[in-house]
Structure formats: structure tokens, C-alpha cells
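# Commentary on secondary and tertiary structure
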Amino acid sequence: MKISYNWLSRYLSEIPDPLKTADHLTLTGLEVEEVAQTGPNLDGIVVGEVTGVKPHPDADRLVVCQVDIGDGEPSQIVCGAPNVAAGQKVPVATIGSVLPKPLPDGKPFKIKKAKIRGQKSSGMICAEDELGLGDDHSGIMVLDSSLAAGTPFAEAAGADSDSVFEIGLTPNRPDATCHLGVARDLAAVTGAKLTKPLDNLPTVSDGLQQDAIRITDQDKCHRYVGIRMRGVAIGESPQWLKNLLMAIGLRPVNNVVDITNFVLHELGQPLHAFDYSQLAGGKIDVRSFDSDRKFTTLDEVERTVPAGSLFICDGEKPVALAGIMGGMNSEITERSTDLLIESAWFEPTGIRKTARHLALQTDSSYRFERGVDPNITRNAALRCAELILEFCGGTIEGMEDVHPVKTETIQVPLRHERLNRILGVELDPPKITEILERLEIRTAETSGKELAWNCEIPTFRPDITSEIDVIEEVARIFDYNNIPDPERITIATPEPVPYGEAFREKVRSAAVSAGLKEIYTNSLLPEHFQDILGGESVVVPTLNPITRDQALMRTSLLYGFLRSAAYNFNRNVPGVQFFETGNIFRRDEGGGTWINGIHEATHLHVGIAGRTHSGHWKSPARTFDLFDLKSLVLSILRTLGIEGFVSWKSTGDGLQLLANGKDQKLVGTLTAVDTEWKKRTEVETVAWSAELDIARLQELSLHNRNRTYIPVSRFPSFEFDLALVVDKSVAAGDLESSLYGIAGEKLKTVEVFDVFEGGSLEKDQKSIAFRLTFQDNTKTLTINDIDPVIQKILKKLGKQFSAQLRS
């Protein structure tokens, strides 16, 4: 949210410089994320008086002007504007000045002495757009005739530079969505006097015609104020108003629209002005409809508004989308003379739902979603009418304030002893009440042995509901930096971390140790991915998606990996090795994890894509393959201490990781990413994906929780190479698992070091050579110890796999 420094200064008797102001606001909880300088640099631009104008002798569209710029000698300036005339006061860019608007090629527009068609020109008479004050280039700016020649233009036009604070506003502070709310906090901190712009509001006694305003849906609209005005002249806003609006990023439109925007950002109350002549029957009805409605908003977009959304209707039709945007059928135009000013309170949840559904957030909806003050509605409308009377003319014909649901202030008790105990500092009662009064929280001392107050919380602070909230208000204005550090503190014993949470952290650590980089991606996926995610029977959609790109709950972590990979490949990264832990969601008609019908699980995803490394003259580049992925997963399993509790099963194009045991539960899968997935995520190279169920990994880790340290054996190991001839359908992993089971504890490792086909072997045979490493903790092993084990292995593998010792 943008707040203008110059705008703030309108309400404060004194204000620190912009940087100190930013520090004060941040310490009060209104975090200033950036301070930006805005406004044109008008150095060297002064007010000049055109004392004479004559035609250019060699150009029909140019004139030669004599201009007094207050330095004693008139300056000759050649001008091409159609509206220049003697006697005018105009802005003049003097020699050496630089215009705020650059040249078409982007270079600075520096004013120099020049000859234009043979006539000397010493300066430039400027148009509005050339000074960065608007878009008008139809002619030069004509200034107030009372200005003296030589007056700095910035002073004359009120176009000083400004500092704009970008505030990261939290949702619980609707009072700070306007300049007056921010000024209130700043005044409370600095002690400056706060001047509100609500002291001289016009008095309106006449009402509107009978039943002119009706609130049909009173649960969605608690208050509606309408002021009717006649004889209003639509035109350009004064320069000071345009400057303030442009400083916070708003484009001036016309005086009426600009005033409604000004009051919105001044008081935090959204307003809307209707062309009264376009309101059928001169009536207003605040209501919703039971079905979807087509409606064209002020941005000229026809929208399908969902049923239940709140509309402002006239006697025949909707004319505005309540709290969000007005309609094209009642907008203010240059021909408008009669207005109806709207100021209302709309229920936040309904505005939020409609705005999200339409993907349409406006300055108005931003404030209504957070909750505006229902008791400023009337004054905001009168403030708007006051400014329209001043700058647009006209008269107020009447006002109607329909207020079916009233909001009262609440009382919150505050104990002096508890406040001091919580803050750790002794604050005197007068200091406490002074701080609260500056925040417009009235206090009344209660009777009793303990000093306490009843605090009346204003309706613009819906976030203050309990004693601790009031204590926090005192603390942030007193300044946390003024609270001394305690001499000693009590440290509570932390709750033990649940095993499941600790195990997930261990999984992350194991993945990092394997050389993988962690990513964290969105759990919401685009709706057009539904078919490859499993279809409607599997995918869980969100009820109220923010956008169509975030409409589905993910059924795997693959999408996030591929999008991250594509992002890196587009920046010339040769290859990626990523991991992510996160939840996945699937429909489950037979039950559900936390919510009936929805299965939720935490997964570990390991993804690799691209090349293992860039090409080198000694080591050519190669792409990742399945064995690179398996190696990374094995590294993680080994770190977790569960490598020995799983087995592998080939699926043709990938692998399944299974838990050892009778059930052989599926722990995860390793597979190549298919072409359709890569096409939709814009990945153009080979990619591999492994997704493991962390709950299954955790179950396996329970087998290993009581492992103890075993000293390194003092005796050497014994290696034995064994080549077996088996059918091609036999997997090496199955042989490896059987070798461990047959040989017993003395067999420490099994490695495949050779696979051979052809030669003297049959077409359907292959030879797999294993290197077996044996070790005993009590003696040195010899061939006499190993030979019986080898014979046992050959006998059992012969029966189980028809394996034969290769000769």
C-alpha cells in the first residue's frame, strides 16, 4: 500500500523527515518496505509572462514570443503552441534546465540556446506532459495571472517532489489503509497534533424522496448513505489533487472521480459517484440475485457475476458491483451534472468471495475485504460532497442514511499491574492513558483495589478485542526499543519434537547430503492438467480458485519439479538435481486421511534432468539415466539406515521400491518422465522422477531405532568373485537379496562387477559376476571358511533360479 509523505503532512502539525518517518512507522507495526522519490524535477523551470507575440517570418505554424522570466531582460522564445498569447503567465524551461519528459530515444531533454528557422530561441514554453504533470499536449500550460514572473514553477504549481512509502500492511489493520489512519499512528508516536479533515463538514437536513434507498440484503450491507447533488461541473482537478493521486500511482480522471479517490485514500472509506440521470426512478436497491448475472463494469469488461454477489441496483437494473466496481451504465461523464454519492458498509466475506471469483481486486474491494469503519460512512460522504462543492460547484439536494444494523464500540478492561508485568517496564498511569487517548481509545478508571481502566475501542479498530491487544497497542507506541532487557529470563523446556516431524527433517537432511538441492513449489496446479493427474475420479479441485493456474490440489510432486527444471534450463543450466518434501492429495471414496473422501500423504520427490555435467575434453557430457536416480535414492536410504529393509523390482522402464516382508508394501517408484508431462511443462530433455512415501520410510526406520555401535573389525575381509549363469529374465537384485539371506551375517557386501551375454552362452542366458565381501569379528577368514558357504549358495540358487557356476 502506498502512502504519500506530502499527503501525511496535511494532517500533522509537524512531521519528521521521510527516512525518520519510515523508521517510526515500521516500529509501530506499519512496516515500510520501500521509500521512493516521486514527482518531476522542475529545477530551472520558472513562471514567465508573455509580453509579445509575432508571427515567425519563415514558418506558418510558429510564433516568436518575448517572455519576461524575472531576470530583467526579456527572452526570445520560438513557440509552436496554438494557444500562446500575449499577457499569459506560462511555465518556461530556462537554458540549462532538463525537462522531466525525456526525448523519444530516452535521452535527457536539456534546454539549449538554438536557432529555429533562423530565429534565436532562448528557452521553451512548456505543455503539461513535457513537465510530467499529465498527458495533455494540445497546447502550453496557462497559469494563474496573479503569479509573478520568475517564481519557481514548482512553488507556483504545488508540484514539489514527494516521498512515497510502500507499506506491507497486515490484514488486521483496516484502519491503516488510509492516510488519516497512518497519520494517527505517527502522531501518537511523535506527539504531533493530529488535524482531521472532518471539522467543517456541510450540514444537510433534507432527505431524499421516499424509499429512494432500500437495502434488501441487510446481512450483506449494514449501512448505505446517499447524497444527491445538482449543477455539478465536470472538469479538471486542481493540480495539488492530481499531484497527490499520481504520487500513489493513481491516474487523474476528472474532478468528481478524483475527489472520490482522494477521500478513499484519505479516510479509508470507498466511495462511488453515480450519474443520477442514469438511475431509473432515482432509486437505489442493495440486493443480490439467485442466479449468475452478466454485468459490464467500468473497465468495459462484461463479467459473469456469480449468484449471491451483492449489486447496487436502480429501479430497473444493476448499476454497480457492490464494493468492487461501478457499472458502465451509470458512470460519470463530461456531460454529467446531477450526482448521487454512495458511501456504504459491505460485509467483508461476500466482497472477498466475489472479487476472488472474478479475479478483480480494486482499491475499494481491498478495503471492504478487511473491514471499513461503519461509523465513518456518513462523514466520508459529507467530506466528498464538501470537496465537490468547492471544486465542482453545484448544490446538495438531500441525503439519506439507511442504517439497519448498527455497530457499537466495545469495552475492554485493562489492568495496570498486568500491563507492566507483560511489558517488563514500569509505566506510569498518565503515560498509559496518554498513549491510548492518542490512538482515540477512551479510558475510564474503574473502582476497586487494583488500578484498572475500561477502554472504549473505536469501531475503526476491529482487531482490538481483549486486554492483551490493548497492551500491545501501548507497547508499540511506547516503542519496543524503550523496553529494557531483563536481568534474567526463564527459559521453558521445549516440547519434545514428535518422531514423525523429526524423521521428515532427517529425510531432508539425507537428501541434502546426497547432493540434491531443495525446492519448494506451489501445491496448487493448473486446471488443464486434470487429465494427466488422473482425471476427476482422482484429482481434488479447489472450491474457490484464485486463478485457473491454481485450481487443482497436486496428486504428486512431479509438476513442481518439472516447472523448476524448465526455469533453470531457460537460464542455461545444463542439468538439475532437485528434491522436495510436501503433501499430495487424492480422492478416496473408501475413507480419507483427515477429511472424508480425501487421501493426504507426505512424499519425498527426487528429480534429475538434463546433463550430469558440461562437456569436457576428458569427459564428454552425458545425460542422467535411471542408475543416477537409483544411486541418489540409495544414498538417502543409506543415510536413513534403512537400505537393508527394502528391495527393488523392475517395471520395464523404471523401478519399484518395496518394503521387505510378506506384504512387500510399495514405498516408491523410479521412472522416466513421459513425453506429455515434459511437453506441458516445457522440458525438452531427458528427466527422471522418484517419488517415495515418507510414512512408509518412517515405518521402515522403526526397525532400526535401536541400532547400536559395532566396533570396526580387527580382522581383514575376504573377497570372493562368483560368476553365475542364469536366464535373462532373472534380475540381479533378486540374486543379490538371496545371497544375503543364504550367506548370513559374515557376508558384508555384494557388488555386481560384470554382466555378459553371447559367446558360449545360450541366447536366453546371461552371466552376472558378483564380488562377495566376507568378514568375521573373531578371526581371519580363509578359503576353508568360505568354501562351504559358496557351495551352499550354489545349491540354493540352483534350485531357486536354475543358476549355474560359470566355467
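Residues numbered from 1 in each chain as written. Predicted model: local features only at pLDDT ≥ 70, side-chain atom pairs only at ≥ 80, totals over all residues. Heavy atoms only, no water.

### Side note on the overall build of the protein
- The helix and strand tally for the protein stands at 20 helices and 39 strands.
- In terms of overall dimensions, the protein is more spread out than a globule: its C-alpha atoms have a radius of gyration of 39 Å, far above the 28 Å expected for 807 residues.
- Each of the three principal axes of the protein carries a C-alpha extent, and together these read 120 × 90 × 65 Å.
- Classification of the 807 residues of the protein by burial places 47% in the buried group.
- A fraction of 68% describes how many contacts in the protein between residues 6 or more apart in sequence connect residues 24 or more apart.
- A total accessible area of about 41,300 Å² is found for the protein, and carbon and sulfur atoms account for 48% of it.
- Here the protein holds 87 positive side-chain charges and 112 negative ones, and the gap between their average locations is 7 Å. (Helix = DSSP H or I, 4+ residues; strand = E, 2+ residues; numbered from the N terminus. Rg over C-alpha atoms; globule rule 2.2 N^0.38 Å. Buried < 20%, exposed > 50% of the residue type's maximum accessible area, 1.4 Å probe, protein only. Contact = heavy atoms within 4.5 Å. Areas by Shrake-Rupley, 256 points an atom, 1.4 Å probe, with all protein chains shown as cover. Lys, Arg positive; Asp, Glu negative; His and termini not counted. Charge placed at Lys NZ, Arg CZ, Asp CG, Glu CD.)

### Section: helix H12 (residues 467–478)
- For H12, with twelve residues, the first-to-last C-alpha span of 17 Å sits near the 16 Å given by 1.5 Å per residue.
- Of all twelve residues making up H12, ten are buried, and the element is well covered by its neighbours.
- Within H12, burial applies to Glu-467, Asp-469, Val-470, Ile-471, Glu-473, Val-474, Ala-475, Arg-476, Ile-477 and Phe-478.
- Packing partners of the buried residues in H12 comprise helix H2 (18–27), helix H4 (179–190), strand S24 (410–415), helix H10 (416–423), helix H11 (429–438) and strand S26 (452–457). (Expected span 1.5 Å × (residues − 1).)

### Examining the environment of Ala-743
- Relative to the assigned elements, Ala-743 resides in helix H19 (residues 732–743).
- C-alpha of Ala-743 to C-alpha of Ile-786: the two residues are 43 residues apart in sequence and 9.5 Å apart in space.

### Examining the side chain of His-179
- When you line up the elements, His-179 lands in helix H4.
- The contacts of His-179, once residues within four sequence positions are left out, are Lys-2, Ile-3, Ser-4, Trp-7, Leu-8, Tyr-11, Ile-248, His-265 and Glu-266.

### A word on the packing of aromatic side chains
- With the rule as written, the count across this model stands at eleven aromatic pairs.
- Measuring from centroid to centroid gives 5.7 Å for Trp-240 and Phe-262, while their planes differ by 85 degrees, and the two rings are edge-to-face. With a gap of 22 residues between them, Trp-240 in helix H5 (residues 239–247) and Phe-262 in helix H6 (residues 255–267) connect regions that are remote in the sequence.
- The class for Phe-262 is buried, based on a relative accessible area of 1%. (Phe/Tyr/Trp six-rings, centres within 6.5 Å; stacked < 30°, edge-to-face > 60°.)

### With respect to H5
- The element H5 is extensively covered by neighbouring structure, given that seven of its nine residues are classed as buried.
- Residues of H5 that are buried include every one of Gln-239, Leu-241, Lys-242, Asn-243, Leu-244, Leu-245 and Ala-247, and no others.
- Residues of H5 that are buried in the fold lie against strand S1 (2–4), helix H1 (5–8), strand S2 (31–38), helix H3 (153–157), strand S12 (162–168) and H6.
- Following H5 by one or two positions, Gly-249 has its phi on the positive side, about 95 degrees.

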